[in-house]
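# Working through the structure, step by step
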Amino acid sequence: MAQVSLRNLVKIFPGNVMAVRDLNLGVENKEFVVLVGPSGCGKSTTLRMIAGLEKATSGEIWIGNKMVNDMPAKDRNIAMVFQNYALYPHMTAYENMSFALRLRKFPKPEIDARVKETAEILSITNLLNRRPRELSGGQLQRVAVGRAIVRKPMVFLFDEPLSNLDAKMRVQMRTELKKLHIRLQSTMIYVTHDQTEAMTMGDRIVVMKDGVIQQVADPISLYNNPVNKFVAGFIGSPPMNFIDGKVIKKDGRFFFKDEMFSVKIAEDMYGKISAYEGRDLVFGIRPEDIHDKLFVTEASPDNTVKAVVEIVEPMGAEVFLYITAGKSSLIARVGGRENPEVGQDMDLVFDMSKVHFFNKDTEEVIV
């Protein structure tokens, strides 16, 4: 079994720089968990502590049924794939993949069998005699992954392995790594700053900020039910729109109001939103929940807002609109056939069943 358990993990660098703060996380056997967050949030430091490349200031790291805090990296039965591949330039792909096994004095027939089996899985059999300088970025990444696979470790660790690839190759390698996880049925922990990678690859996603876990959830739950404004804004592309305003009550109904417009709040939110009557809060709505009134079958004036198109970004099947509604700047994601133009006045319809409200002070979700 290859569970990973991090208990009250802390890492403080010289100068009293707190990189990881009291982190608690359990990764189940055969699970693919992604650590995601902006640069400096502590995700790579956490991974390096699991690998044994950084020593934890305090807390416990368990792999399987062993606490490994004082165990050297080579004895932890993990394999790590780095951002820069870390291949030996003078060795062939075969020699790079077999290097760790040769160090451990594995029999030559077993080494050969493992390397060739792994090369077949990764479709790099024809590359085994090439040196790194003769390989493309995607091929280098496959060799680096292959070097990890041949060891048959308890846990695979990936530190932003796709960040050096072009956009098309990143998409392809995302798919390949996910297929690999399904085939190997191994425990994998993956670090990235790219929320699209996190959403498409992880069984669960761990969102981090300033060394603290903000939320742990499966991708869909994370997207639909963020616990705070940071998670809501970080997960999703384009990001969620935020507008500062107040809750007001009129004729027994609750509205969200900013300086220039107001929209009616859905009745099933009244129970939680009523406590904020007259108070400042933050309204959040995702770009895909903002629609052009011309393409909405039924639109109530209570959730319709006047806006002006500032920028149009055609994306093929869809269009991103950068718009101004009153004094608020928003992004809307609409159908590619809707054909809006810069400077055009629009009536926008907010899907009020999909909105989020956040406490202005704590930034925690209200509803």
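So, here is what we can say about the structure in this document.

### A look at the nonpolar core
Of all hydrophobic cores here, the largest spans 46 residues; its most connected members are Val145, Phe158, Leu177, Tyr190 and Val207. Considering each element in turn, this core owes the most residues, 6 residues, to helix H4 (residues 137–149). By size, the runner-up hydrophobic cluster in this structure holds 33 residues, among which are Phe261, Tyr276, Met352 and Ile366.

### Some remarks on the layout of surface pockets
Counted as a void, the largest pocket has a volume near 440 Å³. Sorting the residues of the lining of the largest pocket by element identifies strand E6 (78–81), helix H2 (93–103) and H4 as the ones contributing at least two each. A per-element tally of the lining of the largest pocket places H2 first, with 4 residues. A per-class count over the lining of the largest pocket returns 13 nonpolar, 1 polar and 4 charged.

### Re the pairing of strand E18 (residues 328–335)
Two faces, one strand: in a regular strand the side chains alternate between the faces of the sheet. Note that strand E17 (residues 318–325) and E18 share 8 bridges and pair antiparallel. Among the inter-strand pairings, Thr324 is bridged to a residue of E18, identified as Ser329. Between E17 and E18, which follow one another and run antiparallel, lie 2 residues, and Gly326 among them has a positive phi close to 65 degrees.

### Description of the sheet that holds strand E14 (residues 280–285)
With antiparallel pairing, the 5 strands of this open sheet are ordered in space as E13-E12-E11-E14-E20. Across the chains shown, the open sheet's two edge strands, defined by having one partner strand only, are strand E13 (262–264) and strand E20 (356–359). Neighbour-to-neighbour, the strand axes of this sheet turn through a mean angle of 40 degrees, independent of strand direction. As defined by bridge partners, strand E11 (residues 241–250) adjoins E14 across 6 bridges and the pair is classed as antiparallel. Bridging from a neighbouring strand, Gly245 pairs with Leu281 of E14.

Basis of the calculations
Residues numbered from 1 in each chain as written. Predicted model: local features only at pLDDT ≥ 70, side-chain atom pairs only at ≥ 80, totals over all residues. Heavy atoms only, no water. Core = buried A, V, L, I, M, F, W, Y, C linked by side-chain atoms within 4.5 Å. Buried < 20%, exposed > 50% of the residue type's maximum accessible area, 1.4 Å probe, protein only. Helix = DSSP H or I, 4+ residues; strand = E, 2+ residues; numbered from the N terminus. 1 Å grid on protein atoms, 1.4 Å probe; cavity = no way out; pocket = protein on both sides within 12 Å on 5 of 7 lines; lining within 4 Å. Points joined across faces, edges and corners; volume = space filled by probe spheres on them. Nonpolar A, V, L, I, M, F, W, Y, C, P; charged D, E, K, R; others polar. Pairing = 2+ DSSP bridges. Axes fitted to C-alpha atoms, helices over the stretch in contact; angles between N-to-C directions.

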